[in-house]
Amino acid sequence: MKTRDQEYRELFMAEALEYYDSMSRHLSELERNPNAGPALNELFRLMHNLKANARAMGFTDLGEIAHHLETIFGLIRDKEREFSGALIKVVFAGVDALGSMIRAVGASQPLPDATALLENLDRVVRGEAPVLDEAEAGETEEESNRKMELSDLVYIQVKKLDNLLNLVGELVIDRDRIMTLAQELDNPALLATAQHLFRISDDLQYSVMDARLVGVGVLLNKFPRVVRDVASAEDKEVELTLSGQDVQIDRNILQIITDALLHLVRNAVSHGLETTENRLKAGKPVVGKLTLSAMTERDDVLLQVRDDGRGIDTEAVRRKAVERGLTTAHTAAGLDKEAVWAFLFEPGFSMAQKVTDISGRGVGLDVVKLALDSLGGQLRVDSEMGVGTTFTLVLPTSIAVKGALLVEVDERPYAIPLMHTDTVLALHPGQISVVGGVMVTHLHEQSVPLVPLRQLLYDEGVEPLPAANKSDIEGTQHVLVVNYNNRRLGLVVDRFMRQQNIVIKPLSKPLDTIDLFGGVTLLGSGQVCLVLDVPALTRLFLAKRP
Amino acid sequence: MAEIDTAFSSAKPERAKPAELVQLIVFRLGDEDYGIRIEQVKEVTVTPDVARMPKTPPFIKGIANLRGDIIAIIDLEERFNLRPAGRPLPERSYTVAVEAADYTLGLMVREVPRPLTMPLSQIEAAPEFVQDSSTRDKYLEGIAKLPEGGIIIVLDMRKLLTPSEVMRLPGKVASS
């Protein structure tokens, strides 16, 4: 595995080489036609970008040369210098030097000395005559060969990577099948080949997944502008801090959560952070703090949007939820703050008093929830009145392969993504009480409702599930506790099978309308296994509880 | 699996020729023979392991893995109330994989389906009164009379298997 450092270096190289190629092209054009405006602008832009990249990577000299050349092209553009005579030679020498420096970076060699060149560039900038060394004019064959080098990187359409990933998914399913068959047939040669196939396809899978990873930075770096715009529209002062830009995640996941993140950030600036006046009143610094950070946690990626604003007014949300008929006043009174905050993610639930351009149209946080649900992700909220709010998006690193727990009900396997599983319990009847027809157990001082998965899946109709009866609970109950939107639910299953990485295939029409399933997966035995969708299961339970 | 009897080897039936041929895959539902045009049939196979699918109408038997594709398996006898009393589907049944507009479905049948080639002229439009009174009216392409007696009801899969048609849930209340 390459280190991230190496990977950045390669990315820098790829971009720099492209810039270099374009520079050479535009420079030739400029030489033919010294008044070519577009070429000049392009050169100015390329130098500027190269300068920024080089400085970010710590290649000071490279950055300096690009900086000087940028200045010179700026002067030419402003008609203060002319692209002619000695200036052309110095500029070409400068671009050639950039080329050899970029190649030195690629070969991990020390950068060539550029003192003489920089002095000359300085002179040109100051409008003095450069000192030209005639000996340097000749170019060796080696140098001209170098100019023909092709980049080590290729750009590739995401669609092609998607296709590759799907194929690998199919391959993995068949591989598992072959592995099982080989074990059944017990032929040593076949078994050895199957094991080899297993290893290779594993490597292949991870390579394809790795190829799809991008730094979260490609998304986060777009936010300073967004925050600036929203803040100025709201007349607030906001300081945005980004961190964890180099955390790696599947490109498509980043795509899917773009809108969600945008929403959270806008929301934080326009609702989370107080007005300047209110901040002063509360004794807070005038400038609001907004932090966007990414980090990894086990196999997941956490994206956090944190503000130091007013925090969520839990009581206001509670009132609003009752007003909107989402819950009864009686139930609402008994809910803890996490449960109350969960209402924020109900469709159309908005706390905004007035509609603004930025947010507050009653469409909102449910968008965030939907995006996360579609990825099998989770959303955590943490907030304290007057101190601030933190939204944490828990995302899988990769879409294709998910860790799942396989459980059995009526001799059929079902898979539940680990993303939503909390813990597994083996309870004896004494640990289960029945409250209002619902089985309940206590876990970490919290009561967790239990429901037989069989009932949830196979009881037809809209009528509530049959009330549980204490006397019906016999023997050890195998319970898988799942967690969705801060709600925990215990699913009673026949037995736990194993934990396994699964490749989820979406359900095809016409069955794709059943939201209870996130898809299907094929087990090594060739058996079809339904993947349960925990958000939908939780909703079904809430709708049908006795 | 199914040996298709290619009666016309010349791919282009000439226009002048009066007898344009159609190939059907014929199977039994209840006590009647039904046919589907072979273009709409993807494959005929012994019914694979079917996983029951919760929250679907009873005539959807579940989903099965057909060469890597996950398809829904439906039981038309149950769908059309054709199941003769006391004759459940046998342990070993067959599945005709048919292509709907943009997906594949499996039809479970009790006997090995057989291919049949006949002149198109032999298929007659279903009589008006059948069209109106039958629950199957829309899916009937016509009725084929066999020379040796007997009829085959020719179904048009594309009309039978629209998602709304498949998911129309007789006797089943919506779940959510």
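All values derive from a computational prediction rather than experimental measurement. Think of each chain on its own: its residues are numbered from 1, step by step along the sequence as written. Following the order in which they are written, the chains are lettered starting with A and the ligands numbered starting with 1. Per-residue local features are limited, in this predicted model, to residues with pLDDT of at least 70; the limit for side-chain atom pairs, both in listing and counting, is 80 or more; totals at the level of whole chains, interfaces and linings are taken over all residues.

It is worth spelling out the overall build of chain A at this point. A tally of helices and strands in chain A yields 18 helices and 18 strands. Partly exposed residues are those whose C-beta has more than 12 but fewer than 20 other C-beta atoms within 10 Å; with 20 or more the residue is buried, with 12 or fewer it is exposed, and the C-beta atoms are placed from the backbone. By residue count, 34% of the 546 residues in chain A fall in the buried class. Under the scheme used here, helices are H or I runs from DSSP no shorter than 4 residues and strands are E runs no shorter than 2 residues, and both carry numbers assigned from the N terminus.

Helix and strand content of chain B: 4 helices and 12 strands. Expressed as a percentage of the 176 residues in chain B, the buried residues total 31%. Within chain B, residue pairs in contact and separated by at least 24 positions form 53% of the contacts whose partners lie at least 6 positions apart. By the convention adopted here, residues make contact when the C-beta atoms placed from their backbones lie within 7 Å.

Moving on: helix H4 (residues 86-106) of chain A. Residues and elements named next belong to chain A. For a helix, the expected span equals 1.5 Å multiplied by the residue count minus one. Here H4 contains 21 residues, and its C-alpha end-to-end distance of 30 Å stays within 8% of the 30 Å for a straight helix at 1.5 Å per residue. The set of residues buried in H4 consists of Val-90, Val-91, Ala-93, Gly-94, Val-95, Ala-97, Leu-98, Gly-99, Met-101, Ile-102 and Val-105. Once H4 finishes, Ser-108 follows within two positions and takes phi at roughly 55°, a positive value.

Take the pairing of strand S7 (residues 94-99) of chain B next. Residue and element names in this part refer to chain B. Strands were regarded as paired on the criterion that DSSP finds at least two bridges between them. Pairing of strand S3 (residues 41-46) with S7 involves 5 bridges; the strand directions are antiparallel. Across the sheet, Thr-45 pairs through a bridge with Thr-95, a residue of S7. Note: S7 against strand S8 (residues 104-109), 6 bridges, orientation antiparallel. By the bridge assignment for S8, Val-98 is matched with Leu-105.

This next bit is on the nonpolar core. Linking buried Ala, Val, Leu, Ile, Met, Phe, Trp, Tyr and Cys residues through C-beta atoms within 7 Å yields a set, and such a set is a nonpolar core. Judged by nonpolar contacts, the single largest core of 84 residues is most densely connected at A:Ala415, A:Ile416, A:Leu491, A:Leu532, B:Ile63, B:Ile74 and B:Val96. Inspection of this core shows a minimum of three residues originating in each of domain 2 (158-212) and domain 4 (401-544) of chain A. With residues up to four places along the chain from it excluded, the contact list for A:Ile416 reads A:Ala404, A:Leu405, A:Val407, A:Thr421, A:Leu480, A:Val482, A:Leu532 and A:Val534. Ranked by size, the runner-up nonpolar core spans 45 residues in total, among them A:Val216, A:Val305, A:Trp341 and A:Leu375. Here the bounds of each domain stem from an automatic or database domain assignment.

To continue, consider the interface of chain A and chain B. Taken residue by residue, the interface counts 24 residues in chain A and 22 residues in chain B. Of all the secondary structure elements, the ones that give two or more residues to the side of chain A that touches chain B are helix H17 (453-458), strand S17 (517-522), strand S18 (528-532) and helix H18 (534-544) of chain A. For the side of chain A that touches chain B, the class distribution of residues is 14 nonpolar, 5 polar and 5 charged. Each residue is assigned to one class: nonpolar for Ala, Val, Leu, Ile, Met, Phe, Trp, Tyr, Cys and Pro, charged for Asp, Glu, Lys and Arg, and polar for all the others, Gly among them.

UniProt positions are given in the numbering used here, feature names are shortened, and annotations may be inferred rather than shown by experiment. Per the UniProt entry, the sites bearing "modified residue: Phosphohistidine" (unreviewed entry) are A:His48 in this numbering. Overall, A:His48 belongs to the partly exposed group, with 16 C-beta atoms counted inside 10 Å.

Attention now moves to the packing of helix H10 (residues 223-234) of chain A against helix H11 (residues 251-272) of chain A. Residue and element names in this part refer to chain A. Each axis is a line fitted through C-alpha atoms, taken for helices only over the stretch in contact, and angles between the N-to-C directions span 0 to 180 degrees. For the pair H10 and H11, interaxial distance at closest approach is 9 Å and the crossing angle is 35°. As for how H10 packs across H11, the hand of that crossing is right-handed. Residue-level inspection shows Phe-223, Val-226, Val-227, Val-230, Ala-231 and Glu-234 of H10 in contact with H11, the latter providing Leu-262, Val-265, Arg-266, Val-269 and Ser-270. Grouping the amino acids of the contact of H10 with H11 by side-chain chemistry returns 8 nonpolar, 1 polar and 2 charged. Crossings are assigned a handedness: left-handed for a near helix turned anticlockwise from the far helix by less than a right angle, right-handed for a clockwise turn.

Next up on the list: the sheet that holds strand S6 (residues 378-384) of chain A. Residues and elements named next belong to chain A. Read across the sheet, 5 strands follow the order S2-S4-S5-S7-S6 without closing on themselves; strand pairing throughout is mixed. Two strands lie at the open edges of the sheet, namely strand S2 (238-243) and S6, each paired on one side alone. If you compare each strand with its neighbour and ignore which way they point, the axes differ by 15° on average. Two elements, strand S4 (residues 288-297) and strand S5 (residues 300-307), share 8 bridges in a ladder whose sense is antiparallel. Its bridge partner being in S5, Thr-296 is matched across the sheet by Val-301. Of the strands in this sheet, S6 and strand S7 (388-396) are in contact with helix H16 (residues 365-375), which crosses S6 at around 140°.

Okay, the sheet that holds strand S12 (residues 151-155) of chain B next. Adjacent strands of a sheet pair through backbone hydrogen bonds, lying either parallel or antiparallel. All names here are of chain B. Taken in spatial order, the 6 strands line up as S9-S1-S2-S12-S11-S10 in an open sheet, and their pairing is mixed. The outermost strands of the open sheet, each flanked by one partner alone, are strand S9 (114-119) and strand S10 (123-124). Taken together, the 2 bridges between S10 and strand S11 (residues 140-145) define a ladder with antiparallel strand orientation. Looking at S11, one finds that Ile-123 is bridged to Ala-144.

With that settled, consider the environment of A:Gly430. Checked against the element boundaries, A:Gly430 lands in the loop between strand S10 (421-427) and strand S11 (433-435). Judged by local crowding, A:Gly430 falls into the exposed class, with 7 C-beta atoms found within 10 Å.

With respect to the helices, strands and loops of the structure, B:Leu21 is situated in strand S1 (residues 21-29). As for B:Leu21 and B:Gln122, which are separated by 101 residues in sequence, their C-alpha atoms are 9.3 Å apart.

Right, let's talk about the confidence of the model for chain B for a bit. Residue and element names in this part refer to chain B. Scored from 0 to 100, pLDDT records how confident the predictor is in each individual residue. When the pLDDT values of chain B are averaged, the result is 75; 73% of them are 70 or greater. Segment residues 1-11 is flagged for pLDDT under 50; beyond a separation of four residues in sequence, or across chains, it makes 16 contacts in the model. Confidence drops under pLDDT 50 across residues 169-176; counting only partners more than four residues distant or on other chains, this segment forms 10 contacts. Here the predicted complex carries an ipTM of 0.72, next to a pTM of 0.57.

All names here are of chain A. One can find Leu-164 in helix H7 (residues 158-185). Leu-164 sits in the partly exposed class, given 16 other C-beta atoms within 10 Å. Each C-alpha atom of the pair Leu-164 and Met-209 lies 9.5 Å from the other, and the pair is 45 residues apart in sequence.

What follows is about H10(A). Residues and elements named next belong to chain A. Taking 1.5 Å per residue, 12 residues should reach 16 Å; H10 reaches 16 Å between its end C-alpha atoms and fits that length. Every buried residue of H10 is accounted for by Val-227, Val-230 and Ala-231. On an axial view of H10, the arc spanned by its buried residues comes to 100°, and they lie on one face. Residues of H10 that are exposed and point over 90 degrees away from its buried face: Arg-225 and Ser-232. In the core, the buried residues of H10 are packed alongside S2, H11 and S4. A positive backbone phi angle near 60° is found at Asp-235, which sits one or two residues after H10. By definition, the arc is the one covered by directions from the helix axis to the C-beta atoms.

Here we take up unusual backbone geometry. Residues and elements named next belong to chain A. Backbone geometry at Asp-235 places phi at a positive 60°, although glycine is not the residue there. Mapped onto the elements of the fold, Asp-235 is located in the loop between H10 and S2. A tally of 9 C-beta atoms within 10 Å means that Asp-235 is categorised as exposed. Phi at His-444 takes a positive value of approximately 45°, unusual for a residue other than glycine. With respect to the helices and strands, His-444 occurs in the loop between strand S12 (438-443) and strand S13 (446-452).

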